[in-house]
Amino acid sequence: MTAGYAVRAHNAATASENKIHDDAVARTYGFEGGLVPGVTVYAYLTHPVVAAFGRPWLEHGTMTARFVRPCYDGDEITVDATPSEVGGDRALEITARRPGGEIVATATASLPARPSRPPAVGDYPAAPMPDERPPATEESLAALGPLGAWEATFHAEHAPAFLDEIDEDLDLYRDGGPAHPGYLLLAANWILGANVRLGPWMHVGSDVTNYGTVDDGDLVSTRGRVAGLFERKEHQFVELDLLMVANDTRPVVHVRHTAIYEIARR
């Protein structure tokens, strides 16, 4: 049985430093207009997952998401979630489509019967931010050690603005509820942009493992390293290995975050 979730895509990043979200710049790369951020599409993908699995998914669920085609402001997106199993655990196969059936994203989400052991916090040191960001090149990214940590405190009173931006209506996140997983994944973008100077770039995938919720007042430190660099279809990719740590002691999310830092023009 497949459950559908409909949402109108919104590009809230038009003023971002990342100009791939700007209509004029995106068109020079062959796109129809500014791209809706991948983290926003990820947020849409999580809606049927949390609707099905509830808070336990935020506490120890997983998702592997791939953003395969552009999504544009105003697109009527349909997210379908079909029950399945992954290694005997409850799972959902998820597909997000534009009108006409064009797939923009796919994902597999699971709720393991036994929570996995989180990485050791000590393996992800909280390094300082660089005094000056080098341009993002293969050489500069390969030379980076521990990334400068991105830190932010979650204030539940400010959450409704983000929830309204992504048209999220699940009650779980309202009235002092935990941070939305889409909001948390924003930090994976921010840490990259805070450590290197990027031109237009694209978030294309994230492998996420949750270890606990982020609640009102929690200070979240996003830490990590460059885990890989590769080329595909003339695009230059970077993969980040990131751990989000609440209050310097509690791992809450591990992310393998993949982005195209140099987009080939078409």
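Note that the coordinates shown come from a computational prediction; the quantities given were computed from them, not determined experimentally.

**A few points about the overall build of the chain**
Then comes step 1: Scanning the chain from N- to C-terminus turns up six helices and 10 strands.
Then comes step 2: Relative to the compact-globule value of 18 Å for 266 residues, the chain shows a C-alpha radius of gyration of 18 Å, a close match.
Then comes step 3: For the chain, the C-alpha atoms occupy an extent of roughly 45 × 45 × 40 Å along the three principal directions.
Then comes step 4: Classification of the 266 residues of the chain by burial places 52% in the buried group.
Then comes step 5: Sequence-distant contacts, at least 24 apart, represent 68% of the contacts inside the chain between residues at least 6 apart.

**Describing empty space enclosed by the protein**
Then comes step 1: The tally for this structure, following the rule as stated, stands at three cavities of 30 Å³ or more.
Then comes step 2: The space that makes up the largest cavity amounts to roughly 110 Å³.
Then comes step 3: The wall of the largest cavity is formed by Trp150, Ala152, Thr153, Phe154, Tyr183, Leu184, Ala187, Trp190, Val214, Val220, Thr222 and Met244.
Then comes step 4: Contributions of two or more residues to the lining of the largest cavity are made by strand E6 (150-153), helix H6 (181-195) and strand E8 (219-232).
Then comes step 5: Residue composition of the lining of the largest cavity, by class: 10 nonpolar, two polar and no charged.
Then comes step 6: The calculated volume of the second largest cavity comes to roughly 60 Å³.
Then comes step 7: The wall of the second largest cavity is formed by Leu58, Ala179, Pro181, Leu184, Asn210, Gly212, Thr213, Val214 and Val253.
Then comes step 8: A class-by-class count of the residues in the lining of the second largest cavity yields six nonpolar, three polar and no charged.

**Focus on the packing of helix H2 (residues 38-53) against H6**
Then comes step 1: Here H2 crosses H6 at 150°, and the two axes come no closer than 9 Å. In terms of their interaxial angle, H2 and H6 are classed as roughly antiparallel. As for the relative orientation of H2 and H6, their crossing is right-handed in sense. Mapping the contact onto sequence places Val39, Tyr42, Ala43 and Thr46 in H2 and Pro181, Gly182, Leu185, Leu186 and Asn189 in H6.
Then comes step 2: Of the residues assigned to the contact of H2 with H6, the class counts are six nonpolar, three polar and no charged.

**Quick notes on the pattern of salt bridges**
Then comes step 1: All chains considered together, the criterion is met by 16 salt bridges.
Then comes step 2: Residue Arg55 is joined to Glu59 by a salt bridge in which the shortest nitrogen-to-oxygen separation is 3.2 Å. Here Arg55 and its partner Glu59 are both found in helix H3 (residues 55-60), four residues apart, which amounts to about one turn of the helix.
Then comes step 3: Notably, a salt bridge pairs Arg69 with Glu102, separated by 4.0 Å at the nearest N-O pair. With Arg69 in the loop between strand E2 (62-67) and strand E3 (76-86) and Glu102 in the loop between strand E4 (89-97) and strand E5 (103-111), this pair connects stretches of sequence that are 33 residues apart.
Then comes step 4: Overlapping salt bridges bring together Glu32, Arg69, Asp75, Arg98 and Glu102 as one network.

**A word on the layout of surface pockets**
Then comes step 1: Here the largest pocket is characterised by a volume of approximately 1,200 Å³.
Then comes step 2: Residue lining of the largest pocket: 50 residues in total, with Gly38, Trp201, Met202, His203 and Val204 positioned closest to the centre.
Then comes step 3: Those elements giving two or more residues to the lining of the largest pocket turn out to be H2, E2, helix H5 (159-165), H6, strand E7 (202-210), E8, strand E9 (235-246) and strand E10 (250-262).
Then comes step 4: Here the element with the most residues in the lining of the largest pocket is H6; it accounts for five residues.
Then comes step 5: The residue inventory of the lining of the largest pocket, partitioned by class, reads 29 nonpolar, 13 polar and eight charged.

Rules used throughout
Residues numbered from 1 in each chain as written. Predicted model: local features only at pLDDT ≥ 70, side-chain atom pairs only at ≥ 80, totals over all residues. Heavy atoms only, no water. Helix = DSSP H or I, 4+ residues; strand = E, 2+ residues; numbered from the N terminus. Rg over C-alpha atoms; globule rule 2.2 N^0.38 Å. Buried < 20%, exposed > 50% of the residue type's maximum accessible area, 1.4 Å probe, protein only. Contact = heavy atoms within 4.5 Å. 1 Å grid on protein atoms, 1.4 Å probe; cavity = no way out; pocket = protein on both sides within 12 Å on 5 of 7 lines; lining within 4 Å. Points joined across faces, edges and corners; volume = space filled by probe spheres on them. Nonpolar A, V, L, I, M, F, W, Y, C, P; charged D, E, K, R; others polar. Axes fitted to C-alpha atoms, helices over the stretch in contact; angles between N-to-C directions. Parallel < 35°, antiparallel > 145°, perpendicular 65-115°, else oblique. Left-handed = near helix turned anticlockwise from the far one by under 90°. Salt bridge = Lys/Arg side-chain N within 4 Å of Asp/Glu carboxyl O.

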